[in-house]
Amino acid sequence: MKRYFHEELEEIRSHLMLMGEKAVESVKLAMQALLESDIELANQVMESDDVIDDIEKQIDDEVVRYVSLRAPVARDLRLLFVAIKASHDLERVGDEASNIAGRTKKILAQGLPIDAVARVPRMCELAINMLEDSLRSFIQEEESLAYSIVGRDREVDTLNRENFKELVELMKSDSANVSACTEMVFISKSFERIADHAKNIAEEVFYLLTAQSLKEVTRGK
Amino acid sequence: MSLVTDKIISKPKIETRDLGLEMTENNRSLIEISNFDFFYGEKQALFDVSMDIKEREVTAFIGPSGCGKSTLLRCINRMNDLIEVARIGSGKITVNGVDIYDDRVDTIELRKRVGMVFQKSNPFPKSIYENVVYGLRIQGITRKSKLDEAVERCLKGAALWEEVKDRLDTSGLSLSGGQQQRLCIARALAVEPDILLMDEPCSALDPVATAKVEELIHTLKDRYTIVIVTHNMQQAARVSDRTAFFYLGKLIEMNATDQIFMSPDKEQTEAYISGRFG
């Protein structure tokens, strides 16, 4: 039997999906701002972070209210814990996008060797794919898709390490590059973290759908 | 009929239209309780209780056994008049501005406007149909079309129609506990009350039947003002808009249900709802 308050759970799900869309959009726009040297776009990304933060606060409030009033159990309860954890991950994704935009503005003021950006679009593509897939696994309730996301962050980690080495070399070769390359080190790290958050969300979705820890499942494999 | 009721009926009556219930607006106080003291003999059961109960909301009374919540509920339609030693010390209860303890108030009329559903379902040993129309027949309504219409409307209102529409002539006692309770709610709705008082309406029901009654309460609040006494705090949290917590005959705290269960003002309330009481 569906109870009238189950609609409140649907609202929480909807808000998490909306937050996911906003976070993905922010990351894409941050990348675009960097590639197209678009300060206006960078400003737009930084401003949109407040919107993402507000949705997280709204989800927190809705979850606390639901837990206090509706005595949820089993999958309903898991959904609420996942909503809290995943919304925190998405809030961090929004922060990373904002950081990328902020550092982009600094780089644009200084100029940057073109080689320094080479690997970043691929990192961004991988991180966004992971993020979109983790959100799709939540929306479509596909545990196999959530399962498949874990491990996909390794390529992003590798690209980040390679990026770091190359940026160090660029800084060594010309001290004028130090400032901008340092910003790029952090931008690269931001994309790596976004991929980590996408992996976290996938693990959370897997727990929601199976009541099992994905880490434990993969360890026992 | 008790002596008390006889006495009240013999007085000039205040008509329903004087109570003005048809003209009420959303979210205003329909029931106002002011500095209300109540006694059973020498024992004081309620101490200086004051509260406003909003129209078309569900208000829950919670608190440990003996805290006075059922006593107060029964005062709202003067059910306590039937207890010989019961008496009001001071204060008053008004329904839409009318003091219900005014000597001129007809308690039969009052109880038509302020219906009651009890802890234990109490259908009459009659057919489902006759249970619903019982109050209407007492009012002298005999036209079959009108009674038929009331039966369908009230059983639909009580979310029971689909389950019993093909066996209206079978005994109300043949229904399950949950169905019997919803039949009692349908019976209460038949006389078109404005207020429904519910005294632990789900305490004898299984979880599925409880869920159905709770769903019903949720839909009924669009049309009725509901006051529910419950020992089940989760039920109060689920069904009510506002919650009042009582202890030892005193109203400790009354607030929006969200507020009571998420961040109560009083330590006693927090201790009670979080199970740290006593």
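What you are looking at is a predicted structure, and each value in this text was computed from that prediction instead of being measured.

## A few points about the overall build of chain A
- Regarding its fold elements, chain A presents 8 helices and 0 strands.
- When its helices and strands are written in sequence order, chain A yields α-α-α-α-α-α-α-α.
- Here the C-alpha coordinates of chain A stretch approximately 70 × 40 × 20 Å along the principal axes.
- Across the 221 residues in chain A, those meeting the buried criterion constitute 48%.
- On chain A, roughly 10,500 Å² of surface is accessible, and the fraction owed to carbon and sulfur atoms is 50%.

## Describing the nonpolar core
- Counting residues in each nonpolar core, the largest one holds 114 residues, and the members touching the most others are A:Phe191, B:Leu155 and B:Ile185.
- Considering each element in turn, this core owes the most residues, 14 residues, to helix H7 (residues 178-210) of chain A.
- Apart from the residues lying within four places of it in its own chain, the contact partners of A:Phe191 are A:Val27, A:Met31, A:Ile100, A:Val120, A:Met123, A:Cys124, A:Ala127 and A:Val156.
- Judged by nonpolar contacts, the second largest core, of 34 residues, contains B:Ala86, B:Ile93, B:Val98 and B:Met116.

## Describing the environment of A:Arg154
- Inspection of the secondary structure assignment puts A:Arg154 in helix H6 (residues 153-173).
- Put simply, A:Arg154 and A:Glu203 are 49 residues apart on the chain and 15 Å apart in space, counted from C-alpha to C-alpha.

## Observations concerning the interface of chain A and chain B
- At the junction of the two partners, chain A supplies 11 residues and chain B supplies 14 residues.
- Summed over both partners, the interface of chain A with chain B buries about 1,100 Å², with 59% contributed by carbon and sulfur atoms.
- Of all residues in chain A, the largest losses of buried area upon contact with chain B belong to A:Arg3, A:Tyr4 and A:Leu69, amounting jointly to 51% of the total for that side.
- Across the chain A-chain B interface, the total number found is 3 salt bridges.

## Notes on the sheet that holds strand E9 (residues 242-247) of chain B
All names here are of chain B.
- Across the sheet, 6 strands lie side by side as E6-E7-E8-E3-E9-E10; this open sheet has mixed pairing. Every other strand in the sheet has two partners, leaving strand E6 (114-117) and strand E10 (250-256) as the edge strands with one partner each. Along the sheet, successive strands turn relative to each other by an average axial angle of 15 degrees, direction set aside.
- As paired elements, strand E3 (residues 58-62) and strand E8 (residues 225-229) share 4 bridges and run parallel to each other. Its bridge partner being in E8, Val58 is matched across the sheet by Ile226.
- The strands that helix H9 (residues 207-220) touches are E3, strand E7 (195-199) and E8; relative to E8, the one it contacts most, it runs at about 150 degrees.

## Section: the environment of B:Lys266
Residues and elements named next belong to chain B.
- Counting through the fold element by element, Lys266 comes out in the loop between helix H11 (257-262) and helix H12 (267-273).
- Residue classification places Lys266 among the partly exposed positions, given a relative accessible area of 41%.
- Separated by 13 residues in sequence, Lys266 and Glu253 have C-alpha atoms that sit 6.9 Å apart.
- Among all residues touching Lys266, those that are not within four sequence positions of it are Ile252 and Glu253.

## Some remarks on the confidence of the model for chain B
- Looking at chain B as a whole, the pLDDT averages 87, with 90% of positions reaching at least 70.
- Overall, residues 1-25 of chain B carries pLDDT values under 50, and its contacts beyond four positions in sequence, including any with other chains, amount to 44 contacts.

Criteria and cut-off values
Residues numbered from 1 in each chain as written. Chains lettered and ligands numbered in written order. Predicted model: local features only at pLDDT ≥ 70, side-chain atom pairs only at ≥ 80, totals over all residues. Heavy atoms only, no water. Helix = DSSP H or I, 4+ residues; strand = E, 2+ residues; numbered from the N terminus. Buried < 20%, exposed > 50% of the residue type's maximum accessible area, 1.4 Å probe, protein only. Areas by Shrake-Rupley, 256 points an atom, 1.4 Å probe, with all protein chains shown as cover. Core = buried A, V, L, I, M, F, W, Y, C linked by side-chain atoms within 4.5 Å. Contact = heavy atoms within 4.5 Å. Buried area = accessible area lost by both parts, 1.4 Å probe. Salt bridge = Lys/Arg side-chain N within 4 Å of Asp/Glu carboxyl O. Pairing = 2+ DSSP bridges. Axes fitted to C-alpha atoms, helices over the stretch in contact; angles between N-to-C directions. pLDDT = per-residue confidence, 0-100.

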